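Geometric and topological summary
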Amino acid sequence: MIAPTAVGLTAWRLPSVGAEAAVGYAASLGSDGIQLDLGGPGRGPWTDAPETVEAVLRASSELGVALLGMTANTLNDIGLTAPADSSEGTRARKVVVRLLDTARACGVPLAFVPSFRRSAIDTPDDFRRTVRILAWATAEATARGLLLAGENVLSAEQAARLVEEVGSPDFRLLLDPYNLCAAGRDPVRWVAAVGPYLADQIHLKDGHPETGAGASLGTGEGRLDDVLAAVTAHGPAPRALVLENDYRDGGTTRPLRDLAWARARAGHPAPLPPLPPNEAAV
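Report on the accompanying structure. (Residues numbered from 1 in each chain as written. Predicted model: local features only at pLDDT ≥ 70, side-chain atom pairs only at ≥ 80, totals over all residues. Heavy atoms only, no water.)

Okay, the pattern of salt bridges next. The final tally for this structure, using the stated rule, is 17 salt bridges. Of the charged contacts in the structure, one is a salt bridge between Asp246 and Arg13, with a shortest N-O distance of 3.9 Å. Here Arg13 lies in the loop between β1 (6-10) and α1 (19-28) and Asp246 lies in the loop between β10 (240-243) and α10 (253-266), a separation of 233 residues in the sequence. In this structure, the salt-bridge partner of Arg263 is Asp32, at a minimum N-O distance of 3.3 Å. One end of the pair, Arg263, is in helix α10; the other, Asp32, is in the loop between α1 and β2 (33-37), with 231 residues separating them in the sequence. Assigned by exposure class, Arg263 and Asp32 land together as buried. Within the structure, one salt-bridge network assembled from shared partners comprises Asp101, Arg104, Glu140 and Arg144. (Salt bridge = Lys/Arg side-chain N within 4 Å of Asp/Glu carboxyl O. Helix = DSSP H or I, 4+ residues; strand = E, 2+ residues; numbered from the N terminus. Buried < 20%, exposed > 50% of the residue type's maximum accessible area, 1.4 Å probe, protein only.)

As structure tokens, this is what we get:
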């Protein structure tokens, strides 16, 4: 068991549309908190509209759902690895600035950027360009009082090198054990190698990489209990365990079961029974 901490959800894996609705849906399930997405084409409404930020802050306060972090999944469609002088490189930097400004406006402690699909780090040039943009982005995050994290499936050696070359204590690695497992890496050894560089929020999902099928937490091949034990031994005490299983079908049985699983590992007392989603303010 790890130290008591929050158990949260990710907005982009819920059936709700928009950040305010995601906060309401998280509240209906009894979640302690939520990570939000900046939005964008194919990703839902932009979160950085002033009226949206105000609505999100109001919903968070009224419903008691902490705003844990914010990402910009649209970067996977643009490419952090694009040359800095390209149109995609310019777009990526503009999105990063919007992400950081919105994270500051929402008062979240952590912003993070994904390195998948068009942002995947597959070649030495990809690595070099990722270091460059993350070093710049981390300086921008520091200026706003934020920590910045990167989420990737690099080898432990490469991930450690990424942190060292970014060269700031305000840059961390966001752990997602199942992503590592699906990429053929041993998540327990990965944590043991890079533990001091981890962010204090962890993504949890589970499944079966060979078939692509998802699974309730602890029933797949993600080795989640072993990973959490490794975090206890090698990493910072987590501020939040954040569920990233896919709950977009709107059913409540699976997310409630996963929340209970995570709470049991986090040493967190169970909340009051949640309202059914159709009775919550979403």
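Within the span of helix α9 (residues 224-234), buried status applies to Leu224, Val227, Leu228, Ala230 and Val231. Relative to the axis of α9, the buried residues are bounded by an arc of 155 degrees and lie together on one face. (Arc of directions from axis to C-beta.)

This part covers the environment of Ala11. Residue position: Ala11 is located in the loop between β1 and α1. Among the residues examined, Ala11 registers a relative accessible area of 11% and is labelled buried. As for Ala11 and Ala21, which are separated by 10 residues in sequence, their C-alpha atoms are 8.9 Å apart. Other than its neighbours up to four places away in sequence, Ala11 contacts Ala22, Ile34, Gln35, Leu36 and Asp37. (Contact = heavy atoms within 4.5 Å.)

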